[in-house]
Amino acid sequence: MPDVTARGVRFHVQAIGPPDPGRPVVVFLHGLVLDNLSSFYYTIAGPVADAGAHAVLYDLRGHGRSEPTPDGYGADDAVADLFGILDALGHHRVHLVANSFGGVVALKAALARPDRIAGMVLIEAYGPGEDAGWVEGLLNTLTASALGLEYDRLADQLLAAGWRKTGRQIAAADALINRTTLLDDLARTEPVRPAELAAVRCPVLAVYGQHSDVAEAGRLLLRTVPGCTLHVMAGHAHTVLREGTAELLEVMLPWLAHHAGTRVPVTAAGGAR
Amino acid sequence: MSDDALTQVVRMLAEVVGEDFLLDVEIGRDTTFNDDLGLESIEFVALADRLRDHYGDGVDLAAFIAGMDIDEIMDLTVGDLVDHIAATEAAHA
């Protein structure tokens, strides 16, 4: 699929499965900095499309193959970008599947436009929290990375040594962290507090790793969101999307079948895929 | 047919990753996307777009890789892809 321009920014968009009017639209929201739509493209987007959905994946601004901008990296801008892209594609009401930072975007989108978000699968979602400290862990990790990137010139060294992929990934992270307002935008992003979570009207499937640093966010979702189901993946930490793909699909495909009207693949029940 | 497919795949790779990088790499059937080319996952997605534009929906990289995990995908060689294109074209001939 070609790029889509929304809010003056060019976004790289991929669609899997035909856009038949009868198919539910499922939109995927990826995580920050080193992430992009490929983490869904190679894992759960294909099986979700096979189950009868029209899967829409896009790179957040400044990520993957979407246009870098100097600013606009907070959750509120990401929500506006999401609806801008959906408007450009002609999709009004959709289901969201979000990983990590994508989760706070999904929650804020559902609160801003409950008429447009029919349901959400939140995988290792950041965002639910009692106070503004919610983003500290994320910021600390990113800030430490930023300092290392700035002083080591690691990307240049890796590229010179022929480590093209790692060098390019680190150069992209360096550009985002050190040459945009991303860290400041994140620091200003408010958590989604319990009173707001109680107002989420759509059904939510939350999936967290047992040993995840953000597992408490999953328990908070379960306590506060009226239509929330929580699935904890034993033995996993934050990387359930990549390392727990089969179990994740076994949980989310039946959930999507129930709430979005997709099919339950035979392979999902047996876990053979 | 497969020689032509190899030429096309090399051209598409040059578009995706940039000519200047590819000047240093001799691409053949045994070239791996990950170790030899250092192709990023997102660039593999961009390659899929170009394959679909050139060959039509028959060469569906998403379907081709659907049964593989990400490590298997990154172990793929240019020859694996060329064979897939040839098999798809033969099936549609």
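Rules and cut-offs
- Residues numbered from 1 in each chain as written.
- Chains lettered and ligands numbered in written order.
- Predicted model: local features only at pLDDT ≥ 70, side-chain atom pairs only at ≥ 80, totals over all residues.
- Heavy atoms only, no water.
- Axes fitted to C-alpha atoms, helices over the stretch in contact; angles between N-to-C directions.
- Helix = DSSP H or I, 4+ residues; strand = E, 2+ residues; numbered from the N terminus.
- Parallel < 35°, antiparallel > 145°, perpendicular 65-115°, else oblique.
- Left-handed = near helix turned anticlockwise from the far one by under 90°.
- Contact = heavy atoms within 4.5 Å.
- Buried < 20%, exposed > 50% of the residue type's maximum accessible area, 1.4 Å probe, protein only.
- Polar contact = N/O pair within 3.5 Å; in protein donor to acceptor, adjacent residues only side chain to side chain.
- pLDDT = per-residue confidence, 0-100.
- Expected span 1.5 Å × (residues − 1).
- Patch = residues over 30% accessible without salt bridge, like charges linked within 9 Å, V, L, I, M, F, W, Y side chains within 5 Å.
- Areas by Shrake-Rupley, 256 points an atom, 1.4 Å probe, with all protein chains shown as cover.
- Salt bridge = Lys/Arg side-chain N within 4 Å of Asp/Glu carboxyl O.
- Lys, Arg positive; Asp, Glu negative; His and termini not counted.
- Charge placed at Lys NZ, Arg CZ, Asp CG, Glu CD.
- Pairing = 2+ DSSP bridges.

Caption draft 1: Region of interest: the packing of helix α3 (residues 75-89) of chain A against helix α4 (residues 102-112) of chain A. Residues and elements named next belong to chain A. One way to put it is that α3 packs onto α4 with a least axis distance of 9 Å and a crossing angle of 70°. Classified by the interaxial angle, the pair formed by α3 and α4 is roughly perpendicular. In this structure, the crossing between α3 and α4 has a hand that is right-handed. Where α3 approaches α4, its residues Ala75, Asp76, Ala78, Val79, Leu82 and Phe83 are matched on the opposing element by Val104, Val105, Lys108 and Ala109.

Caption draft 2: Looking closely at the environment of His95 of chain A. Residue and element names in this part refer to chain A. Mapped onto the elements, His95 comes out in strand β6 (residues 94-99). Note on His95: relative accessible area 7%, which makes it buried. Between the C-alpha atom of His95 and that of Val204, which follows or precedes it by 109 residues, the distance is 10.0 Å. If near-sequence neighbours (up to four positions away) are discounted, His95 is found in contact with Val25, Val26, Val27, Ala118, Gly119, His259 and Ala260. Separated by 3.4 Å, the side chain of His95 and the backbone oxygen of His259 make a polar contact.

Caption draft 3: Expanded view of the confidence of the model for chain A. When pLDDT is averaged across chain A, the result is 89; 89% of the residues are at 70 or more. Segment residues 268-273 of chain A is flagged for pLDDT under 50; beyond a separation of four residues in sequence, or across chains, it makes 8 contacts in the model.

Caption draft 4: The arrangement of helix α3 (residues 41-55) of chain B in detail. All names here are of chain B. Helix length check: α3 (15 residues) gives 21 Å between terminal C-alpha atoms against 21 Å at 1.5 Å per residue, within 8%. Of all 15 residues that make up α3, 11 are buried, and the element is covered over most of its length. Three or more residues of α3 are buried, namely Ser41, Ile42, Glu43, Phe44, Val45, Ala46, Leu47, Ala48, Asp49, Leu51 and Tyr55. Looking one or two residues past α3, Gly56 carries a phi angle of roughly 90°, positive in sign.

Caption draft 5: Seen up close, a negative patch on the surface. A cluster of acidic side chains, namely Asp30, Asp35, Asp36, Asp69, Glu72 and Asp75 of chain B, defines a negative patch on the protein surface. Examined against the element boundaries, Asp75 of chain B turns out to sit in the loop between α5 (70-74) and α6 (78-92).

Caption draft 6: Geometry of the environment of Glu216 of chain A. All names here are of chain A. Secondary-structure assignment places Glu216 in helix α10 (residues 215-224). With a relative accessible area of 40%, Glu216 lands in the partly exposed category. Residues Glu216 and Pro128, 88 residues apart in the sequence, show an inter-C-alpha distance of 8.7 Å. In this structure the side chain of Glu216 is engaged in a polar contact, spanning 3.0 Å, whose partner is the side chain of Arg219.

Caption draft 7: Representation of the environment of Leu142 of chain A in the model. Residue and element names in this part refer to chain A. One can find Leu142 in helix α5 (residues 136-152). As for Leu142 and Leu32, which are separated by 110 residues in sequence, their C-alpha atoms are 9.5 Å apart. Discounting chain neighbours no more than four positions away, the residues touching Leu142 are Leu32, Val33, Ile177, Leu182, Leu183 and Leu186.

Caption draft 8: How the structure looks around the sheet that holds strand β8 (residues 204-209) of chain A. Residues and elements named next belong to chain A. Here 7 strands make up an open sheet; going across it, the order is β3-β5-β4-β6-β7-β8-β9 and the pairing mixed. Lying at the two open borders of the sheet, with one neighbouring strand each, are β3 (13-16) and β9 (228-233). Direction aside, neighbouring strands of the sheet carry axes that sit 20° apart on average. Sheet topology places strand β4 (residues 25-29) next to β6; 4 bridges connect them, and they run parallel. Among the inter-strand pairings, Leu29 is bridged to a residue of β6, identified as Ala98. Helix-sheet contacts for α3 involve β3, β4, β5 (54-58), β6 and β7 (117-123), and the interaxial angle to β5 is about 130°.

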